[in-house]
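Residues per chain, in single letters:
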Amino acid sequence: MYAVIAAGGRQYRVSQGDVIYIDKVNQEADSKISFDVLMIGGEGDMKVGTPVLAGAKVEGKILGQVKGEKVTVYKYKSKKDSHRKVGHRQPYTKVEITAIQA
């Protein structure tokens, strides 16, 4: 069984036991989080919500706060003695999916 959830403006296809990285959520590690379900499927059966399924939810456990890989942006204009270097690391929350309730 799998479900499609929405978190942070993105959609994720998850199954029980999956570990996903969502946009940062301000909660402590080892706390529980629940998501609304957009679609549930598996074993030839599929249910689609409009936009969410009533009575269905996905539960997860927050494993911690992590950062993504470093992205370096370098802007350069030739013959103008102009350059600019900027770095960025996106913060994420690591979540393990513990249960899918249909």
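Read on for a plain summary of the structure. (Residues numbered from 1 in each chain as written. Predicted model: local features only at pLDDT ≥ 70, side-chain atom pairs only at ≥ 80, totals over all residues. Heavy atoms only, no water.)

Among the nonpolar cores identified, the biggest contains 18 residues, and Val14, Ile20, Ile22, Phe35, Val58, Val95 and Ile97 are the most heavily contacted of them. For this core, the secondary-structure elements that each account for two or more residues are β1 (2-7), β2 (10-14), β3 (19-23), β4 (32-42), β6 (57-67) and β9 (91-101). Counting residues per element, this core draws most heavily on β4, which supplies four residues. (Core = buried A, V, L, I, M, F, W, Y, C linked by side-chain atoms within 4.5 Å. Buried < 20%, exposed > 50% of the residue type's maximum accessible area, 1.4 Å probe, protein only. Helix = DSSP H or I, 4+ residues; strand = E, 2+ residues; numbered from the N terminus.)

Looking now at a positive patch on the surface. A cluster of basic residues, Lys24, Lys67, Lys70, Lys85 and Arg89, forms a positive patch on the protein surface. Relative to the elements of secondary structure, Lys85 occurs in strand β8 (residues 82-88). (Patch = residues over 30% accessible without salt bridge, like charges linked within 9 Å, V, L, I, M, F, W, Y side chains within 5 Å. Areas by Shrake-Rupley, 256 points an atom, 1.4 Å probe, with all protein chains shown as cover. Salt bridge = Lys/Arg side-chain N within 4 Å of Asp/Glu carboxyl O. Lys, Arg positive; Asp, Glu negative; His and termini not counted. Charge placed at Lys NZ, Arg CZ, Asp CG, Glu CD.)

Further remarks concern the pairing of β9. Summarising the sheet, β3 and β9 pair through five bridges and their orientation is antiparallel. Bridge pairing in β9 links Ile20 to Val95. (Pairing = 2+ DSSP bridges.)

Let us look at a nonpolar patch on the surface. Residues Val19, Tyr21, Leu63 and Val66 make up a contiguous nonpolar surface patch of about 310 Å² in total accessible area. Looking at the nonpolar patch, the elements that each hand over two or more residues are β3 and β6. Here Tyr21 is to be found in strand β3. A residue is classified by how much of its surface remains accessible, and Tyr21, at 42% relative accessible area, is partly exposed.

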